[in-house]
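Take a look at the letters that make up each chain.
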Amino acid sequence: MKNNPIETKIDTIESSSVDSSTTNPNNNEINQEINCSFDNRVSSLGIGLVIPPPKFEIYNDSLLNDKIAIWDMYEDENKINVCSKFFKPDYGIMHFVCIAKNEKTYTILVNFSDIKYLPKTKNYEFKTWDEYILQSFGIRRLTNNKEYLPKNHSLKIKPNDYANTLVIPKGDELFCPMEVKDDWIKVQYDCFYNDENNPHEGEPCYNYIEKCKNPLTGWLRWRQENQLLIAIFLMP
């Protein structure tokens, strides 16, 4: 199976929900020994993601008085001691799950369930999960130990667990997301992905997917409660 070059194996962590209305910020010292993967489990998928600039500030409080640090992703990679949902600072990627936002701040999750804050300025971009997925290079079903998660994570003709299952061609898979409906994504199978001389290598799938003749089209479940069921390709 082809892998996203910045994707690494996801650690299995028991998930629990976060109630942002009752959970207080964790102002303790951040664990200095924490190990981050590319895609890190979080206690909630929140309302979307916040994409900070390469040099950004992070705070312990919603008034932005208690600053944790100012980090430059490219220069301070070894100093950064929080895990964002998607984490690869040497590629400029630290994308945080956002559980709330107001006029001044984004409330974010780090290290699975710790609550921290980012300033809500023009340099910090918020995307809903729908936007984030649809603007990606493509997606595939998430695997763990070579098994799809969950075991019934099949391509369906309709966005329903009990709908008929479609047969996916053998080989490495990449799907182009077309539409998000609640916990489901309408996708088209990328007919070029397994070509030895892929003419669209390095392009986001939405640039060329219409060139596939009679593409396999169906629905994939992209989340199960607070668990992400797809790998999202953020770059070629």
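Residues numbered from 1 in each chain as written. Predicted model: local features only at pLDDT ≥ 70, side-chain atom pairs only at ≥ 80, totals over all residues. Heavy atoms only, no water.

A. Here's a closer look at unusual backbone geometry. Even without glycine at this site, L64 takes up a positive phi of about 60°. Structurally, L64 can be placed in the loop between β2 (55–59) and β3 (67–72). Although it is not a glycine, E225 adopts a positive phi angle of roughly 55°. When you line up the elements, E225 lands in the loop between β15 (223–224) and β16 (227–228). (Helix = DSSP H or I, 4+ residues; strand = E, 2+ residues; numbered from the N terminus.)

B. Just the side chain of E173, in detail. Along the polypeptide, E173 turns up in the loop between β11 (147–148) and β12 (175–181). Under the relative-accessibility criterion, E173 is labelled buried at 3%. A distance of 2.8 Å separates a polar atom in the side chain of E173 from a polar atom in the side chain of R141. (Buried < 20%, exposed > 50% of the residue type's maximum accessible area, 1.4 Å probe, protein only. Polar contact = N/O pair within 3.5 Å; in protein donor to acceptor, adjacent residues only side chain to side chain.)

C. Molecular detail of the state of the cysteines. Under the definition given, this model contains 3 disulfides. Disulfide pairing is shown between C176 and C205; the S-S distance is 2.2 Å. Sign of the S-S torsion, about 80° for the bond between C176 and C205, identifies this disulfide as right-handed. One end of the pair, C176, is in strand β12; the other, C205, is in the loop between β13 (184–189) and β14 (217–221), with 29 residues separating them in the sequence. Classification of C176 by relative accessible area gives buried; the value is 1%. Among the residues examined, C205 registers a relative accessible area of 1% and is labelled buried. With a sulfur-sulfur separation of 2.1 Å, C191 is cross-linked through a disulfide to C212. With the S-S bond torsion at -95°, the cross-link from C191 to C212 turns out left-handed. Taken as a pair, C191 in the loop between β13 and β14 and C212 in the loop between β13 and β14 lie far apart in primary sequence, 21 residues in all. Judged by relative accessible area, which is 6%, C212 ranks as buried. (Disulfide = S-S within 2.5 Å.)

D. Examining the confidence of the model for the protein chain more closely. Predicted confidence across the protein chain gives a mean pLDDT of 85, with 83% of residues reaching 70 or more. Below a pLDDT of 50 lies the segment residues 5–29, which in the model reaches 52 contacts outside its immediate sequence neighbourhood of four places, other chains included. (pLDDT = per-residue confidence, 0-100. Contact = heavy atoms within 4.5 Å.)

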